[in-house]
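Residue strings, one per chain:
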Amino acid sequence: MAMWMQSAGFKRYLTAVSVTLFSGLFIAGCGSGTPEGSGQKVNPAPVEVTGKSGGNGSEQASSVKKPASSSNNESPAQTAAGEVEGDEAAEKASRSVVDFPMPDLTLLSDAAFQRNAKMGRLVAKRRCILCHKIEGRGAILQPPLVQVSMRRLKRMLDYDEYLEQLQSGDPDRFTAGQKTFEAIRLEQDVLKSMRLWLKGYLKHPTFDNSQAKMPLQVLIPAEIEQLACYVIQLAVEGYQKGETPLED
Ligand code: HEC
């Protein structure tokens, strides 16, 4: 997992891939499924983007602010000149992709995933809102759902290391959840590994952490699947909109 950070050439290669993926997502919008991605768990490309280089950052920003069907051939020169136009949302979005190594987002355009996420949003607005704010509404007992979701996505990037600590620090818990943990470890797609994690968590919030504070939520398996998809979507959209994840 740490290896990707070490190769500058590899990162530059992935930068190109990432821009394509990222733009592709917004052009494709909802619905058009693409083949499963494989290989790298993380696409570290955005780390390379700096405020000065302009090119990638502005290209991504213009993808973000455009609606699904618009073309992507707007000149990046506007921002490369250093004169950043006043679109705060786009600015924020480009900043967030700089801060966060956006993973492969293919899963988000899967039709079944989208259906589940849609249902999950409705379940969340009935159930999770008792503690987490959703879309600005609900209780403030706990951080908003988007913020805990973003932090979880970030945590999935070094979950392998977390599991190593769990195995030595809390071996009983590790053994009890081993099947789930192995599945998460083997899953190369970060969003899919997050889905496996969320299913474990929503079934049993302390499944990988004796200190987890969330009380057990009584949910049926279909609701868990739907909520998992919704939480993943929320996390990615949070980063795309430049929202701030909860601090670790
Ligand atoms: C009774 C209050 C309560 C309810 C209801 C609740 N949560 Fe939570 N949730 C918590 C607490 C407490 C935390 C821990 C916050 C922290 O880590 O700072 C938490 C954390 C989380 C996290 C982050 C976990 C992690 O370690 O990454 C997720 C995701 C989450 N909740 C999802 C949900 C979903 C989905 C629902 C609706 C089914 C829900 N919560 C309902 C109290 C609640």
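Note that the coordinates shown come from a computational prediction; the quantities given were computed from them, not determined experimentally.

So, how was this worked out
Residues numbered from 1 in each chain as written. Predicted model: local features only at pLDDT ≥ 70, side-chain atom pairs only at ≥ 80, totals over all residues. Near = placed C-beta within 6 Å. Helix = DSSP H or I, 4+ residues; strand = E, 2+ residues; numbered from the N terminus. Nonpolar A, V, L, I, M, F, W, Y, C, P; charged D, E, K, R; others polar. Core = buried A, V, L, I, M, F, W, Y, C linked by C-beta atoms within 7 Å. Buried ≥ 20, exposed ≤ 12 C-beta atoms within 10 Å, placed from the backbone. Domains from an automatic or database assignment. Contact = placed C-beta atoms within 7 Å. Expected span 1.5 Å × (residues − 1).

*Asks:* What is the right way to look at the site of the ligand in this model?
*Replies:* Around the ligand, the structure places 19 residues, and the nearest of them are Cys128, Cys131, Val148, Arg152 and Met214. With four residues, helix H6 (residues 145-156) is the single largest residue contributor to the shell around the ligand. Its residues placed into classes, the shell around the ligand shows eleven nonpolar, four polar and four charged.

*Asks:* Looking at this structure, I do not really get the nonpolar core. What am I missing?
*Replies:* Across soluble globular proteins, nonpolar side chains show a tendency to be buried alongside one another. Counting residues in hydrophobic clusters, the biggest one holds 34 residues, and the most contacted among them are Met194, Leu198, Ala228, Tyr230, Val231, Ile232 and Ala235. Going through the elements one at a time, helix H5 (111-127), H6, helix H9 (178-186), helix H10 (190-203) and helix H11 (221-240) are the ones with two or more residues in this core. In terms of residue count, H11 provides more of this core than any other element does, ten residues in total. The residues that make up this core include at least three from each of domain 1 (3-107) and domain 2 (110-240).

*Asks:* Please clarify how the environment of Val231 should be interpreted in this entry.
*Replies:* If you trace the backbone, Val231 turns up in helix H11. Residues Val231 and Val148, spaced 83 residues apart in sequence, show a C-alpha to C-alpha distance of 9.0 Å. With residues near it in sequence (within four places) discarded, Val231 still touches Ser149 and Leu198.

*Asks:* Hey, could you run me through H6 in this one?
*Replies:* Structurally, the α-helix is built with 3.6 residues per turn, so residues lying three or four positions apart point the same way. Here H6 contains twelve residues, and its C-alpha end-to-end distance of 17 Å stays within 8% of the 16 Å for a straight helix at 1.5 Å per residue. Counting buried positions along H6 yields nine of twelve residues, so the element is predominantly enclosed. Among the residues of H6, Leu145, Val146, Gln147, Val148, Ser149, Met150, Arg152, Leu153 and Met156 are the ones counted as buried. Of the surrounding elements, those touching the buried residues of H6 are H5, helix H7 (159-169), H10 and H11.

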